[in-house]
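In case you want the letters, here they are:
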Amino acid sequence: MKPCFIFGTRPEVIKVAPVYLYFKNQGENAIAVATAQHREMMDMMLQVFDMEPDYDLNVMTHNQSLNSIVARVMERLEPVLLKESPDIIFVQGDTTTAFTAALCGFHLSIPVAHIEAGLRSGDLYDPFPEELNRRLIDVASKYLFTPTKRAKENLLKEGIEEKRIFVVGNSVVDALEYVKSKIDMNSYRERLVALDDYILLTLHRRENIGEKMRSVLRGIAQFIDEVDLRVVFPVHKNPRVREIVNQEVGNNPRFILIEPVDYLQFLSLLDGARFVVTDSGGVQEEAPSFGKFVVVARQTTERPELIEAGFGLLSGTSQESIYKALIEASQNRLCISENPFGDGKTSERIYKITRGEGI
Ligand code: UDP
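On a predicted model such as this, the values are computed, not experimentally measured, just so you know.

Teacher, can you tell me more about the site of the ligand here?
Lining the immediate surroundings of the ligand are 17 residues, of which Arg10, Arg205, Val261, Gly282 and Glu286 lie closest. At a separation of 2.8 Å, a nitrogen atom of the ligand approaches a polar backbone atom of Val261. For the ligand, an oxygen atom lies 3.0 Å from a polar atom in the side chain of Ser280. In isolation the ligand has 540 Å² of accessible area, and contact with the protein removes 92% of it. In terms of residue count, the dominant contributor to the shell around the ligand is helix α12 (residues 281-286) (four residues).

In this structure, what is going on with the nonpolar core? I would like to understand it.
The nonpolar side chains of soluble globular proteins are, as a tendency, buried together. If you look at the biggest cluster of nonpolar residues, it comprises 59 residues, and the most contacted ones within it are Phe7, Phe49, Phe90, Tyr263 and Leu267. It is helix α1 (residues 10-25) that contributes the most residues to this core, seven residues altogether. In this structure Leu267 touches Leu176, Val179, Met185, Glu286 and Phe290, once residues within four positions along its chain are discounted. Counting residues in each nonpolar core, the second largest holds 31 residues, with Val216, Ile220, Phe223 and Ile224 among its members.

Please explain the packing of aromatic side chains as it appears in this structure.
In this description, a pair of aromatic rings is defined by centroid distance and the angle of the planes. Tallying each qualifying case throughout the model produces 12 aromatic pairs. On the basis of an interplanar angle of 80 degrees and a centroid distance of 5.6 Å, the ring pair of Phe5 and Tyr20 is categorised as edge-to-face. With Phe5 in strand β1 (residues 3-7) and Tyr20 in helix α1, this pair connects stretches of sequence that are 15 residues apart. An identical accessibility class is assigned to Phe5 and Tyr20; each is buried.

Here is what the cut-offs are and how they apply
Residues numbered from 1 in each chain as written. Predicted model: local features only at pLDDT ≥ 70, side-chain atom pairs only at ≥ 80, totals over all residues. Heavy atoms only, no water. Near = heavy atom within 4 Å. Polar contact = N/O pair within 3.5 Å; in protein donor to acceptor, adjacent residues only side chain to side chain. Areas by Shrake-Rupley, 256 points an atom, 1.4 Å probe, with all protein chains shown as cover. Helix = DSSP H or I, 4+ residues; strand = E, 2+ residues; numbered from the N terminus. Core = buried A, V, L, I, M, F, W, Y, C linked by side-chain atoms within 4.5 Å. Buried < 20%, exposed > 50% of the residue type's maximum accessible area, 1.4 Å probe, protein only. Contact = heavy atoms within 4.5 Å. Phe/Tyr/Trp six-rings, centres within 6.5 Å; stacked < 30°, edge-to-face > 60°.

Right, here's the structure in full:
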């Protein structure tokens, strides 16, 4: 079997790597194609999983627009697919890379498998452009690998045939197990921050950039000033994010602003945090494995399983709603760690299904 795995950003590598490595370990002729939509952050993640792409399309440019990414991925991916003629291509999630690769595969009549299918926020513009990407990828794919039953129901409601849908869990849990087996979290964290008690924060979503991000930061500042707590904040590389962060909290000593950290370091920070505030999708899925409560600083979430399982709340982005959510989160001490998103066997299931072996 010759599967081709296509990815371009940090979160895609995290969720594709365990599946790709599983196929490789079974002796399959798996090919890895990086688009490098986010060059640096993708590369950092590849190192964690000791992954070396067979092809690097190197599409990233300064101030790249969504349409220019689509155009470059289309143009550079097609020759690779024509040369390699894979039996199946795997895309993950909802990035512009994933959407474009799925379309490219569809045009060439190569079956597409979508890892993490069926997520929906219900609002086409939030997250933007990811909600549209997910919907389009799901329409184009032959195999829809959903993380949860709810995601499967989302697809059925859209009229997608049941025989294309497989509930397999989320491969992020496979990735977490790989990482946990590799490092000692405490010693990793101690090399980064000398703090016993802190909130971990990540903020970067396109639709939050601007006033929403400012009010989230103000709500957090209000809370931590009152309770005298620190926030550890790896700041995304996006220059627009950096500008806002520096203006709002650059001079606040309770905010420990650091460069994006590698995945192992990030998980060690998550492991040591009191709780997490984030607008990231992936972090919402990782926190339960560490028994951490999540304040989702967004208007919508495509991962309601987190909230239903009691692991988080959707705070919105106004200063007042963030402030209130932080009060609630600080009273919520979790210690259980059964992750509603998966059991670490997702890669094995995907392998067996695509080999026609059933689950
Ligand atoms: N992450 C990381 N280093 C950081 C911040 C986040 O490795 O400094 C990881 C985090 O564990 C999560 C992923 O990056 O798995 C999330 O990526 P991002 O927030 O860019 O995308 P999203 O999850 O929103 O798609």
